[in-house]
Amino acid sequence: MKIEANSKALVHFNILLKDGSAADSTRVGGKPVWFIFGDGSLTDKVEFQLLGAEKGETRKLEIHGSDFFGPASPDNIHFMDINQFPVDLKLEEGSIIAFEQMGGGAIPGMVREVKGHSVKVDFNHPLADQDIIVEVEVVDIRHQE
């Protein structure tokens, strides 16, 4: 069975930086993820490169991070007052902080700059503006009716 336009695929992702160092992997939690092709959860570019992949196959995609995580947006950069952070939290450029969301859960934000009482926090995915390698192992494929 191969991935087609109407497929639902169970996959493991390994996300690597261009130098080959690991950035993220579904294997860390031991749980592959399901994707339905054509539902918008993957970009067209990623879907196109996975079409025709068979169960058990691993494909290596050399892509820009925005093709996997979505494009970086200036709307996802916020300036916050330093007093909104715990006093014992060390705020430095490059730090990633988990921010609680209104409906529960957390979203990571990267500190881009600390200037006086202003903290510039970027909620774009940290790899959205980098070239990455995504290794995709197809664990299972099902065709949608």
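Residues numbered from 1 in each chain as written. Predicted model: local features only at pLDDT ≥ 70, side-chain atom pairs only at ≥ 80, totals over all residues. Heavy atoms only, no water.

Chemist: So what exactly am I meant to see when it comes to the pairing of strand β6 (residues 96–100) here?
Modeler: Every other side chain in a regular strand lies on the same face of the sheet, so the side chains alternate between the two faces. Burial of β6 is one-sided: the residues I97 and F99 facing one way are buried, the residues I96, A98 and E100 facing the other way are not. Taking the residues that link successive antiparallel strands as the turn, the β6-strand β7 (residues 106–115) hairpin has five residues, and the phi of G104 there is positive, at about 100 degrees. (Buried < 20%, exposed > 50% of the residue type's maximum accessible area, 1.4 Å probe, protein only. Helix = DSSP H or I, 4+ residues; strand = E, 2+ residues; numbered from the N terminus. Pairing = 2+ DSSP bridges.)

Chemist: Hey, could you run me through the pattern of salt bridges in this one?
Modeler: Where charged atoms of side chains with opposite charge meet at close range, the side chains can pair. Counted by the stated rule, this structure contains nine salt bridges. Among the ionic pairs, K18 bridges to E62, the shortest N-O distance being 3.2 Å. Remark: E62 occurs in strand β4 (residues 58–64) and K18 occurs in the loop between β1 (7–17) and β2 (22–25); sequence separation between them is 44 residues. Residue classification places K18 among the partly exposed residues on the basis of a relative accessible area of 47%. Residue E62 is classed as exposed on the basis of its relative accessible area, which comes to 52%. Here R59 ties to E57 by a salt bridge, and the two come within 2.8 Å at their closest N and O atoms. Taking relative accessible area as the criterion, E57 reaches 25% and is therefore assigned partly exposed. Counted as one network, the salt bridges with shared partners bring together K55, D140 and R142. (Salt bridge = Lys/Arg side-chain N within 4 Å of Asp/Glu carboxyl O.)

Chemist: Can you help me understand the sheet that holds β6 in this one?
Modeler: Two orientations exist for strands paired in a sheet by backbone hydrogen bonds: parallel and antiparallel. Strand order in this open sheet of four strands is β5-β8-β7-β6, and the pairing throughout is antiparallel. Bordering the open sheet on either side are β5 (77–81) and β6, each of which pairs with just one other strand. Neighbour-to-neighbour, the strand axes of this sheet turn through a mean angle of 40 degrees, independent of strand direction. Pairing of β6 with β7 involves five bridges; the strand directions are antiparallel. Residue pairing across strands places I96 opposite M110, the latter belonging to β7. (Axes fitted to C-alpha atoms, helices over the stretch in contact; angles between N-to-C directions.)

Chemist: Honestly, the domain arrangement of the chain in this entry has me stumped. Any pointers?
Modeler: Interface size is commonly expressed as the accessible surface area that is lost when the partners come together. Under the domain assignment used here, the chain contains domain 1 (2–71 + 127–143) and domain 2 (74–122). For domain 1 and domain 2, the distance between their C-alpha centroids amounts to 29 Å. (Domains from an automatic or database assignment.)

Chemist: Any chance you could explain the nonpolar core here in plain terms?
Modeler: Buried together is how nonpolar side chains tend to be arranged in soluble globular proteins. With 20 residues, the main nonpolar core has F13, L42, F68 and V134 as its most contacted residues. Of all elements in the fold, only β1, α1 (44–50), β4 and β9 (131–143) reach the threshold of two or more residues within this core. It is β9 that provides the largest number of residues to this core, a total of five residues. Setting aside residues up to four positions removed in sequence, F13 forms contacts with D24, S25, T26, V33, F35, L42, F68, V134, E135 and V136. One finds M80, I97, V111 and V119 within the second-largest nonpolar core, a separate group that totals nine residues. (Core = buried A, V, L, I, M, F, W, Y, C linked by side-chain atoms within 4.5 Å. Contact = heavy atoms within 4.5 Å.)

Chemist: Honestly, the confidence of the model for the chain in this entry has me stumped. Any pointers?
Modeler: Predicted coordinates in regions of low pLDDT should not be interpreted in detail. Averaged over all residues, the pLDDT of the chain is 91; the fraction at 70 or higher stands at 99%. Mean pLDDT values for the elements of the chain range from 89 in β6 up to 96 in strand β8 (residues 118–122). (pLDDT = per-residue confidence, 0-100.)

Chemist: Just checking my understanding: could you explain the packing of aromatic side chains for this structure?
Modeler: Any two aromatic rings considered together are summarised by their centre-to-centre distance and by the angle between their planes. Applying the stated criterion to the full structure yields five aromatic pairs. Measuring from ring centre to ring centre gives 5.3 Å for F13 and F35, while their planes differ by 80 degrees; the resulting arrangement is edge-to-face. Here F13 is found in strand β1, whereas its partner F35 is found in strand β3 (residues 33–36), with 22 residues between them in sequence. The class for F13 is buried, based on a relative accessible area of 5%. Ring centres 5.0 Å apart and planes at 85 degrees place the aromatic pair F68 and F69 in the edge-to-face group. The exposure class of F68 is buried, given its relative accessible area of 16%. Look at F69 and you get partly exposed, because its relative accessible area is 27%. Within the aromatic cluster, the residues linked to one another by ring pairs are F13, F35, F68 and F69. Geometry around W34 places K8 over its ring, the cationic atom sitting 4.9 Å from the centre. (Phe/Tyr/Trp six-rings, centres within 6.5 Å; stacked < 30°, edge-to-face > 60°. Lys NZ or Arg CZ within 6 Å of the ring centre and 35° of its normal.)

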